[in-house]
Every structure is written in structure tokens, then in C-alpha cells.
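Here's the letter readout for the chains.
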Amino acid sequence: MPALFVFALFSALVDVFAAHRLQHLDPGSVAAVAFTLTGAFFCGLTLLRTRPARLLAVVRAHAADLLVLNLTTAVTWLSLLYALKLMEPAVANVVSIAIGPACTVLLQYLWWRQDRVLPGELLSALGIVLALAGLVWASLDGRSGVGDRAAATMALGVCAAVASGAGGAANVVFSARLGAAGVDVPTVMGLRFGLVAAAGWLLAATGDTGRLGAALLPGAVVAVIGVGVPAVLVQIGVRRTTPVTASMICALAPALTLLLQLADSRLAFSVPSALGIALITVLIGCGLLARRGAPPAAAAREGTKTHALPGG
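Residues numbered from 1 in each chain as written. Predicted model: local features only at pLDDT ≥ 70, side-chain atom pairs only at ≥ 80, totals over all residues. Heavy atoms only, no water.

Caption draft 1: Structural view of the overall build of the protein. Across its full length, the protein holds 14 helices and 0 strands. The order of helices and strands in the protein, counted from the N terminus, is α-α-α-α-α-α-α-α-α-α-α-α-α-α. Counting across all 312 residues of the protein, residues that qualify as buried make up 54%. In the protein, once contacts between residues fewer than 6 apart in sequence are set aside, the share between residues at least 24 apart is 91%. Split by element, the accessible area of the protein, about 12,700 Å² in all, is 73% carbon and sulfur. (Helix = DSSP H or I, 4+ residues; strand = E, 2+ residues; numbered from the N terminus. Buried < 20%, exposed > 50% of the residue type's maximum accessible area, 1.4 Å probe, protein only. Contact = heavy atoms within 4.5 Å. Areas by Shrake-Rupley, 256 points an atom, 1.4 Å probe, with all protein chains shown as cover.)

Structure, rendered in C-alpha cells:
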């Protein structure tokens, strides 16, 4: 669980950093650099510790889950980068992450029935959705930290953030599935970024290729604090708790984002944003308390055997 709390902090840091940088850069170029660097690092690490034949066996055995994880990783990150360009970071963060518990409840029912969703968790998730609806209304009404923007721009940002949140919820569920099946963290990390890196280069090629050089440093920073480290933390965290609990802890990031974005002079302090995020944080706490005393997560009970071993 501590890994997930640290993830929330890193998520807040990267959202504020990326939101500031993306005002002057193409999100596709940043994604291309960030995910190519991250994917190359973890692929290299995986190949150093696992024979190619063994790695291919893991891919064949878990092809469906790995494909979904690649697709949802691409949707999560590409849509989030565009949402951060269009919206207040704290609101983009809260929409993309706070929608996660509700999406995870549904996805856990469909694809992860080893852990039962508790009534308190369900009520907390529904409450978060209602609070989120109020935040979205405030943003569309021009009451967020970025002030009054065109309704179409804000609506597009909201849609991108919702898509990111749904993708992130699927990431948690399918990461838990792979963990319970015994696929170790470095192997999952080495196999999940291929599609998003390719999509980033495709978007960069259709955008302003002349500014690709300017995206190198921001992309490298995002690769470390926004992709590599947080993804490892989530992969570790979901092996010790249920998908819904993991999603709840990750949803604490918006409160940290709200505090960190005060250093960004572009943004004014928004009372509706602060109240909405405070309410969501309280609801998350209620959802976490509902899990106290429940049996250990299935991933923690079952994930004892690994399919990709060092030098194996």
C-alpha cells in the first residue's frame, strides 16, 4: 500500500509539470519521447534478466491481458496529456483519477471476481462520481483555475480526462490479473509500452515535427517521474491489495495536485475545485475504511509464483 501513496504524489508532480510544459509543446511529441525512453529501458532490463524464449512464452500465455494492458496504457496517457493541455491540472487529474474507483468496480465485477466489492466501497465510488459531476459542471461554467475557456475546449478536455480515467481503471485490473498469474513486475513493465510509444510517434509525425527537439527534455522528465516510477509503484501496489482499494489510493492524487499547482502563475485558486476535491478525498477515506478487517487481496494470496525469473 505505501507504494500506491507514493504513486499519488508522483502523479500530482507530473500533472503540474506536464500541464505547464504542454502549453507550448505538442502532446504527441512529449508522449513519443517519454514512452520510447521508458519502453526501451524496461525492455532492455527484461531481456538482460530473462531469455528471449522464456519471454516469448510469457507473451503467448498472457497475450490477451498484455494486449488490453497496452491498449489501456495508450488510452490513459495520451488522453491525459491532451486533457492537461486543455484543463486546470487539478481538475484534469481529479476527473481522470477519481472516475477510477467507479470504473474499477465495474471492471472488477467483469474481469476480477476473486475480490468482492464491499457495500461501503460501492457507496464511496458512487459519491465520488456525484462530486465529480459537480466539478465538471464548475469547469464547463468557467469556475476552474484556468478561468473561462470555450465550452467546446473544456468539454473536449473533460472527455479526454474521462477516457484517461477509464483506461487507468483497466490498467489496475489487468495489472492485478497479471500479478496474480505470476508475471513479475519488470516483465510486465517491459511489455506494456510498445503501443503507446508507436501511437506517440504517429501523433508527433502528424503534428509540428519542427518542435520535436523541444520535447526531448520534458519527455525525459515525464518518462521518469510520470511513467516509469509511478507504473512500477502501481504494479507493486496492486499485488498487495484489491483493485478497488488500489484505485481509491491512487485517487488521492488530485488533492496533492491542487496544492502543487499553486506554484503555477497561470492558474488562479478555484474554490469550487478545492471543495470538490476535498469532498472526493473524504469519500476516498470512507472507501478505504470500508476494507478494514476484510480478507487479504486475491493477488497477494495467489501471486507467489513468477513466470519470468532472473536469468531464466
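Caption draft 2: Region of interest: the pattern of salt bridges. The tally for this structure, following the rule as stated, stands at 2 salt bridges. For Arg49, the salt bridge goes to Asp184, with nearest N and O atoms at 3.2 Å. Of the two residues, Arg49 sits in helix H2 (residues 27-49) while Asp184 sits in the loop between helix H7 (151-180) and helix H8 (185-191), which places them 135 residues apart along the sequence. You'll find Arg49 and Asp184 in the same group, each marked buried. Across the pair Arg177 and Asp65 runs a salt bridge whose closest N-O atoms are separated by 3.1 Å. Of the two residues, Arg177 is situated in helix H7 and Asp65 in helix H4 (residues 63-86); the sequence distance between them amounts to 112 residues. For Arg177, a relative accessible area of 26% translates into the label partly exposed. Overall, Asp65 belongs to the buried group, its relative accessible area being 13%. (Salt bridge = Lys/Arg side-chain N within 4 Å of Asp/Glu carboxyl O.)

Caption draft 3: Main features of the packing of helix H11 (residues 243-250) against helix H13 (residues 271-290). Where H11 meets H13, the axes come as close as 9 Å, and the angle between the chain directions of the two elements is 150°. Our classification of the angle between H11 and H13 gives roughly antiparallel. For the element pair H11 and H13, the recorded crossing hand is left-handed. Within the contact between the two elements, H11 uses Thr245, Met248 and Ile249 and H13 uses Ile284, Gly287 and Leu288. Here the residues of the contact of H11 with H13 are counted per class, giving 4 nonpolar, 2 polar and no charged. (Axes fitted to C-alpha atoms, helices over the stretch in contact; angles between N-to-C directions. Parallel < 35°, antiparallel > 145°, perpendicular 65-115°, else oblique. Left-handed = near helix turned anticlockwise from the far one by under 90°. Nonpolar A, V, L, I, M, F, W, Y, C, P; charged D, E, K, R; others polar.)

Caption draft 4: Spotlight on the nonpolar core. Formed by 47 residues in total, the largest nonpolar core has its most connected members in Phe35, Val94, Ile128, Leu132, Phe193 and Ile280. Per-element tally for this core: the top contributor is H4, with 8 residues. Beyond its immediate chain neighbours, meaning those up to four positions away, Phe35 contacts Trp77, Phe193, Val196, Ala197 and Val227. Listed in part, the 13 residues of the second largest apolar core include Leu69, Leu107, Val173 and Phe174. (Core = buried A, V, L, I, M, F, W, Y, C linked by side-chain atoms within 4.5 Å.)

Caption draft 5: Representation of a nonpolar patch on the surface. On the surface, Leu67, Leu71 and Leu195 cluster together into a nonpolar patch covering about 260 Å² of accessible area. Summarising the element assignment, Leu71 is placed in helix H4. Judged by relative accessible area, Leu71 falls into the partly exposed class, the value being 44%. (Patch = residues over 30% accessible without salt bridge, like charges linked within 9 Å, V, L, I, M, F, W, Y side chains within 5 Å.)

Caption draft 6: H11, seen in detail. The element H11 is extensively covered by neighbouring structure, given that 8 of its 8 residues are classed as buried. Those residues of H11 not exposed but buried are Pro243, Val244, Thr245, Ala246, Ser247, Met248, Ile249 and Cys250.

Caption draft 7: Highlighting the side chain of Arg192. Following the sequence through the fold, Arg192 ends up in the loop between H8 and helix H9 (194-206). Buried within the structure, Arg192 lacks any salt-bridge partner; Asp184 is the closest side chain of opposite charge, at an N-O distance of 12 Å. Of the polar contacts made by the side chain of Arg192, one reaches the side chain of Thr73; its length is 3.1 Å. (Lys, Arg positive; Asp, Glu negative; His and termini not counted. Polar contact = N/O pair within 3.5 Å; in protein donor to acceptor, adjacent residues only side chain to side chain.)

Caption draft 8: View of the packing of aromatic side chains. The final tally for this structure, using the stated rule, is 3 aromatic pairs. When the ring of Phe35 is compared with that of Trp77, the centres are 5.8 Å apart and the planes differ by 65°; the resulting orientation is edge-to-face. Of this pair, Phe35 sits in helix H2 while Trp77 sits in helix H4, placing them 42 residues apart in sequence. Judged by relative accessible area, Phe35 falls into the buried class, the value being 1%. (Phe/Tyr/Trp six-rings, centres within 6.5 Å; stacked < 30°, edge-to-face > 60°.)

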